[in-house]
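Survey of secondary and tertiary structure
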Amino acid sequence: SLNGREVVESGSALVENSLRCCTLETGQVSDRQVATGDFSGHLAIWDLETLAQEKSVKAHSDVLTCVAGSGFGSSQIVTGGRDGELKLWDTRSLDSPPSLRMAPEAGQARKQCWTVASSAHEDHSTSNYITAGFDNGDIKVFDVRNSKIAWETSLSRGVSKLSILSGREDDSQKSVLVAGTANGKLFQWPLSSPDNVASHQMDKATVWEVQPVSENKKNLVLAALGSGALHVLNLDGEKIETVATHQVSEPPLTGLNANKEKPGLI
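So, about the confidence of the model for the protein. Residue-level pLDDT values for the protein average 87, and 91% of them are 70 or greater. Contacts for the low-pLDDT stretch residues 121–127, under 50 throughout, to residues beyond four places or in other chains number 14 contacts.

The following block contains the structure:
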């Protein structure tokens, strides 16, 4: 927890298997929960106040590589695994089968799912889309309401990060899907269609994270790269341009989080 400018440890817990991924965007804000995925393939929901494990399910047969919530207030959790499967869960009933499951067909080569994203629940026009990116460059966008693949495409390199940037309430700016790849390239599409793709080469390092600078400036995004560089980019719908670059570290910059209440603070 934060105590002024200091970070103070308020508790700890031992886990049976090493954790691979997590998300805080699950349930109501007042629930104070975190969802985690581990190297044994388990999805678990934890109480942040007591660090007690509330629920757990064997979600994947191999490492659970990525997890994403649909925003605070939603009970939907999306998971992807090294087993090549994508699943949509309802955290209110983890003991029930997933409400959506995509698995490789019999005889089909298994592709590792590296990243997943789910559109924010408050954006009613896109609340039923979930996306998955794979190590071979495949991207699949699912229409949950109609239980079908809305569209799919394939890039030349593995997809290391997917982010859905929801449109404004007046719908003058449509929601977009942004993808980062293992060779430092960024792509952008309208979430509802694979048309009008825009791309931009940064450096050759893996794109580990992509986030909007603030809720009010979703055309400006931050990208964290494996070269240790932080890029600020402008997405204008037809092209992507680098606005600024800062070398943060020599080791890879594997994560970042933009403060939603204080724009520009990351």
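Now that the structure is up, let's keep going.
General note: in soluble globular proteins, nonpolar side chains tend to be found buried as a group. Core analysis: the biggest nonpolar cluster contains 15 residues, and Val178, Leu186, Met202, Val210 and Leu233 have the highest contact counts within it. Elements supplying a minimum of two residues to this core: β16 (176–181), β19 (207–214), β20 (217–225) and β21 (229–235). Of all the elements, β20 adds the most residues to this core, at three residues. When near neighbours in sequence (up to four residues on either side) are disregarded, Leu186 contacts Val178, Ala179, Gly180, Ala198, Ser199, His200, Met202, Val207, Val210, Leu233 and Ile240.

It is worth spelling out the side chain of Ser75 at this point. Among the structural elements, Ser75 can be located in the loop between β7 (64–69) and β8 (76–81). There is a polar contact of 3.3 Å between the side chain of Ser75 and the side chain of Arg92.

Here we take up the pattern of salt bridges. Applying the stated criterion to the full structure yields nine salt bridges. The closest approach of N and O atoms between Glu49 and Arg32, which form a salt bridge, is 2.4 Å. Of this pair, Glu49 sits in the loop between β5 (42–47) and β6 (53–58) while Arg32 sits in the loop between β3 (19–23) and β4 (33–38), and the two are 17 residues apart along the sequence. Overall, the relative accessible area of 42% leaves Arg32 in the partly exposed class. Between Asp90 and Arg92 there is a salt bridge; the shortest N-O distance is 2.7 Å. For Arg92, a relative accessible area of 65% translates into the label exposed. Among the charged side chains, a salt-bridge network with shared partners connects Glu85, Lys87 and Arg101.

Glancing now at the packing of aromatic side chains. All told, the structure shown has two aromatic pairs when counted by the stated rule. Relative to Trp189, the ring of Trp151 lies with its centre 5.8 Å away and its plane at 50°, an arrangement referred to as tilted. Of this pair, Trp151 sits in strand β14 (residues 148–154) while Trp189 sits in strand β17 (residues 185–190), placing them 38 residues apart in sequence. Considered together, Trp151 and Trp189 belong to a single accessibility category, that of buried residues. Between Phe187 and Trp189, the aromatic rings sit 5.9 Å apart at their centres with planes inclined by 10°, giving stacked as the arrangement. Phe187 gets classed as buried once you look at its relative accessible area, which sits at 12%. In this structure Trp189 comes out as buried when scored by relative accessible area, which is 3%. Through successive ring pairs, a cluster of aromatic residues spans Trp151, Phe187 and Trp189. Above the face of the Phe134 ring, Lys111 is positioned so that its terminal group lies 5.3 Å from the ring centre.

The subject of this paragraph is unusual backbone geometry. Of note in the backbone geometry, Leu51 takes a positive phi value of approximately 60° without being a glycine. Looking at the secondary structure, you find Leu51 in the loop between β5 and β6. With phi around 60°, Asn196 is a residue other than glycine that occupies positive phi space.

Moving on, we come to the sheet that holds strand β15 (residues 159–165). The four strands are arranged β15-β16-β17-β18 in an open sheet whose pairing can be described as antiparallel. Only two strands of the sheet have a single neighbouring strand rather than two, namely β15 and β18 (198–201). In this sheet, adjacent strand axes meet at a mean angle of 15° when their direction is disregarded. Across four bridges, β17 lies against β18 in antiparallel orientation. Counterpart to Leu186 in the pairing with β18 is His200.

Spatially, the four strands line up as an open sheet ordered β3-β4-β5-β6, and their pairing is antiparallel. Every other strand in the sheet has two partners, leaving β3 and β6 as the edge strands with one partner each. Within the sheet, the average angular offset between the axes of one strand and its neighbour, ignoring direction, is 20°. Summarising the sheet, β5 and β6 pair through five bridges and their orientation is antiparallel. By the bridge assignment for β6, Ile45 is matched with Lys55.

Quick notes on the rules
- Residues numbered from 1 in each chain as written.
- Predicted model: local features only at pLDDT ≥ 70, side-chain atom pairs only at ≥ 80, totals over all residues.
- Heavy atoms only, no water.
- pLDDT = per-residue confidence, 0-100.
- Contact = heavy atoms within 4.5 Å.
- Core = buried A, V, L, I, M, F, W, Y, C linked by side-chain atoms within 4.5 Å.
- Buried < 20%, exposed > 50% of the residue type's maximum accessible area, 1.4 Å probe, protein only.
- Helix = DSSP H or I, 4+ residues; strand = E, 2+ residues; numbered from the N terminus.
- Polar contact = N/O pair within 3.5 Å; in protein donor to acceptor, adjacent residues only side chain to side chain.
- Salt bridge = Lys/Arg side-chain N within 4 Å of Asp/Glu carboxyl O.
- Phe/Tyr/Trp six-rings, centres within 6.5 Å; stacked < 30°, edge-to-face > 60°.
- Lys NZ or Arg CZ within 6 Å of the ring centre and 35° of its normal.
- Pairing = 2+ DSSP bridges.
- Axes fitted to C-alpha atoms, helices over the stretch in contact; angles between N-to-C directions.

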